[in-house]
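Residue-level listing of the chains:
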Amino acid sequence: MDLLDLIDAAQSVADGLLFGSTYALLGIGFTLIFGVMHKINLSYAAASIGAAYGSLLLLSGFTAAPAVIVFMAAALCGGVIGALVYFIGFKFIPVANPLATLMSTVGLLLLIDEIIVHTTEGVPLAYPALYSDVVVRLGQFMLRGDLMFVFVLGCACMVLFLLLLYRTRLGIATRAVSQQPIASQLCGISILQVNVLTFVVTGMLGGIAGAMSGAAIGMLSPLLAQPLTVKGLIVTVIGGLGSIPGAIIAGLIVGALESLFQFLRGVTERDLYIMMLLFAFLVFRPGGIFAKAPGRD
Amino acid sequence: MLDLQGIAKHFGGVHAVDGVDLTVKRGEILGLIGPNGSGKSTIVNLVSGLFPLTSGRILFEGDDISDLPSHARVGLGIARTFQNIRLFGQLSVWQNLWVAQNSRQQRQEVFFKRWFGGSAGVQAEIERTLEFFDLAHKRHELAANLSFGEQRRLEFARAISARPNLLLLDEPAAGMNAEEVDQLDARIRKMRDDGFTVLLIEHHVELVMSVADRIAVLNFGRKIAEGPPAAVQDDAAVREAYLGTR
């Protein structure tokens, strides 16, 4: 492998790392809902794509809405869809049966997918790619403006989210509910409100992640929902179910490796290696990257 | 303050609590004792709203709270501790208190401030509670890493942090040594002097006899005696429940 190949490899790792912030946001959403409810919400990535579509719908009257507005619209749609997912897929489903909510979220995933396919007739829609004309060159090496924007936005969302989780009452209540649901009710916390707010907040993150993938790829397609679901779940497992820092790091790693494997082995084989990475983690580090020793409770 | 009117709880065919009338007066410490399985903890669970009543009513400050969810009862001023400790193990001591802090005031706050506010307004109060329960030096420790006695104190401190009028203590002395029981005794008295009303469920008869103003005795889900400690101690039915008949 000569120097040029090496630069190309580094280039694809950098591109993947930047795009990996999308996976990190999705991983946070999966892992937070798992942390609070001890349930997997399989419809999450589909809802995120749905929210990106929703932002197109909201802004269809405006030509060339500024980037901020596009992403805020996606976050808004994501929050609304998140609340709907909670009320349709979780609120009235018996908690005691772990499979029931899993099946209801599979149903929601298919439902959201079908709604998208039927309203758009399955045709991909162009999504505003932002700063795609900006390119930062460092010798042979270059950083794409649209990916850098996605990365910076993703990091900003994560910082805001971590502040929410560690500095506000909602954050502390969320963590209390995930550790001791009964005791937290007896500390005056309404579990219903915490659940709804968790779905709204993760839905907003998902909406932004959906818009970020749309902006990075330059279009939205219903075909995005399935691979994003799989990647989101892989990120969640590699990061450790319920671990927020794990989801962030795992999202970036999966993004970078995916892009590297694509460079080395081509797009058709790339997901094969990501799956192998997942199996390696399931066998050797089932608790994820930051697996910690169990506490005394 | 708290008025239980003929409350009953049946689990299938088991009548865990079977028609109990009990009144807790403002400012008193009412001890609730009874042999194992007599329904003491079930009463605490019913009052705090963990399971629905089979029949009867629970009145708090004259209002029927029988159908309120448990978090709303905390909002009215009823807090409790657990016999088997239920702390937030992966949160620090300080955060455990923050979770419960001011849950009464918070209910009056608007939705946005209630959930998205920080801890700035309640820090002084949390510090006072930490001092009172001698936990200030452990504030950054994870609750799961505390010793058993410290975890018991933190449970107590967390219940106080909800600023209740009525405090339900479910076997607070379980597993404590003599010195810790003495400290607990002093703290419960201090609570009453500060204006709390306490319902104390306890196996440790000495502690109950020492701090309680009145004592009620349960056996097989029914109340068999009620009165001042000395009278209850001499009651024939109580002796029979604890020691059996000759």
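Everything numeric in this text was worked out from a predicted model, so none of it was measured.

**Observations regarding the overall build of chain A**
So, step 1. Secondary structure summary: chain A contains eleven helices and four strands in total.
So, step 2. Taken over the C-alpha trace, chain A has a radius of gyration of 19 Å; the compact-globule value for 297 residues is 19 Å, and the two agree within 12%.
So, step 3. Projected onto its principal axes, the C-alpha coordinates of chain A cover approximately 60 × 50 × 35 Å.
So, step 4. Classification of the 297 residues of chain A by burial places 52% in the buried group.

**Some words on the packing of aromatic side chains**
So, step 1. Taken as a whole and judged by the stated rule, the model has twelve aromatic pairs over all chains.
So, step 2. Taking the centre distance of 5.3 Å and the plane angle of 70° together, the rings of A:Tyr86 and A:Phe87 count as edge-to-face.
So, step 3. The exposure class assigned to A:Tyr86 is buried, which follows from its relative accessible area of 4%.
So, step 4. With centroids separated by 6.5 Å and ring planes inclined at 10°, the aromatic side chains of A:Tyr86 and A:Phe90 adopt a geometry described as stacked. Remark: A:Phe90 and A:Tyr86 occur in helix α3 (residues 67–91); sequence separation between them is four residues, near one turn of the helix. The pair A:Tyr86 / A:Phe90 is uniform in exposure class, with both members buried.
So, step 5. By way of ring pairs, the aromatic residues A:Tyr86, A:Phe87, A:Phe90 and A:Phe199 are connected into one cluster.
So, step 6. Cation over ring: B:Arg86 sits above B:Phe82, and NZ or CZ is 5.2 Å from the ring centre.
So, step 7. Sitting over the face of the ring of B:Phe88, B:Arg158 holds its NZ or CZ atom 4.8 Å from the ring centroid.

**Some thoughts on the sheet that holds strand β10 (residues 222–227) of chain B**
Residues and elements named next belong to chain B.
So, step 1. Spatially, β6-β7-β8-β3-β9-β10 is the arrangement adopted by the six strands of the open sheet, whose pairing is mixed. The open sheet is flanked by β6 (78–80) and β10, the only strands paired with a single partner. Direction aside, the axes of adjacent strands within the sheet are offset by 20° on average.
So, step 2. As paired elements, strand β7 (residues 166–170) and strand β8 (residues 197–201) share five bridges and run parallel to each other. Bridging from a neighbouring strand, Leu166 pairs with Thr197 of β8.

**Let's talk about the nonpolar core**
So, step 1. In this structure, A:Leu25, A:Ile28 and B:Phe156 are the most contacted members of the largest nonpolar core, which totals 133 residues.
So, step 2. With residues near it in sequence (within four places) discarded, A:Leu25 still touches A:Tyr44, A:Gly154, A:Cys157, A:Met158, A:Leu205, A:Ile208, A:Ala209 and A:Met212.
So, step 3. Counting 25 residues, the second largest nonpolar core, distinct from the first, contains B:Ile7, B:Leu30, B:Ile58 and B:Ile78.

**Description of the domain arrangement of chain B**
All names here are of chain B.
So, step 1. Domain parsing of chain B yields domain 1 (1–77 + 167–246) and domain 2 (84–163).
So, step 2. Taking only C-alpha atoms, the centre of domain 1 and the centre of domain 2 are 25 Å apart.
So, step 3. Tallying the contact residues gives 20 residues for domain 1 and 14 residues for domain 2.
So, step 4. Counting the surface lost from both domain 1 and domain 2, the interface buries some 1,400 Å², and carbon and sulfur atoms represent 70% of this.
So, step 5. When the area that domain 1 buries against domain 2 is broken down by residue, the three leading residues are Gly75, Arg187 and Met191, summing to 35%.

**Some details on the packing of helix α3 (residues 93–100) of chain B against helix α7 (residues 148–161) of chain B**
Each packed pair of helices is defined by two parameters, the angle between the axes and the distance between the axes.
Residue and element names in this part refer to chain B.
So, step 1. The contact between α3 and α7 brings their axes to 7 Å, and the two run at 30°. Between α3 and α7, the angle falls in the class roughly parallel. The crossing of α3 and α7 is right-handed. Across the interface between the two elements, Val93, Asn96, Leu97 and Ala100 of α3 pack against Leu154, Ala157, Arg158 and Ser161 of α7.
So, step 2. Across the contact of α3 with α7, the residue classes break down as five nonpolar, two polar and one charged.

**A closer look at a nonpolar patch on the surface**
Residue and element names in this part refer to chain A.
So, step 1. Taken together, the side chains of Leu58, Leu76, Val80, Leu84 and Ile88 define a hydrophobic patch exposed on the protein surface, amounting to about 480 Å² of accessible area.
So, step 2. Considering every element that reaches the nonpolar patch, the biggest residue donor is α3, with four residues.
So, step 3. Along the polypeptide, Ile88 turns up in helix α3.
So, step 4. By relative accessible area, Ile88 is classed as exposed at 52%.

Thresholds applied
Residues numbered from 1 in each chain as written. Chains lettered and ligands numbered in written order. Predicted model: local features only at pLDDT ≥ 70, side-chain atom pairs only at ≥ 80, totals over all residues. Heavy atoms only, no water. Helix = DSSP H or I, 4+ residues; strand = E, 2+ residues; numbered from the N terminus. Rg over C-alpha atoms; globule rule 2.2 N^0.38 Å. Buried < 20%, exposed > 50% of the residue type's maximum accessible area, 1.4 Å probe, protein only. Phe/Tyr/Trp six-rings, centres within 6.5 Å; stacked < 30°, edge-to-face > 60°. Lys NZ or Arg CZ within 6 Å of the ring centre and 35° of its normal. Pairing = 2+ DSSP bridges. Axes fitted to C-alpha atoms, helices over the stretch in contact; angles between N-to-C directions. Core = buried A, V, L, I, M, F, W, Y, C linked by side-chain atoms within 4.5 Å. Contact = heavy atoms within 4.5 Å. Domains from an automatic or database assignment. Buried area = accessible area lost by both parts, 1.4 Å probe. Parallel < 35°, antiparallel > 145°, perpendicular 65-115°, else oblique. Left-handed = near helix turned anticlockwise from the far one by under 90°. Nonpolar A, V, L, I, M, F, W, Y, C, P; charged D, E, K, R; others polar. Patch = residues over 30% accessible without salt bridge, like charges linked within 9 Å, V, L, I, M, F, W, Y side chains within 5 Å. Areas by Shrake-Rupley, 256 points an atom, 1.4 Å probe, with all protein chains shown as cover. Salt bridge = Lys/Arg side-chain N within 4 Å of Asp/Glu carboxyl O.

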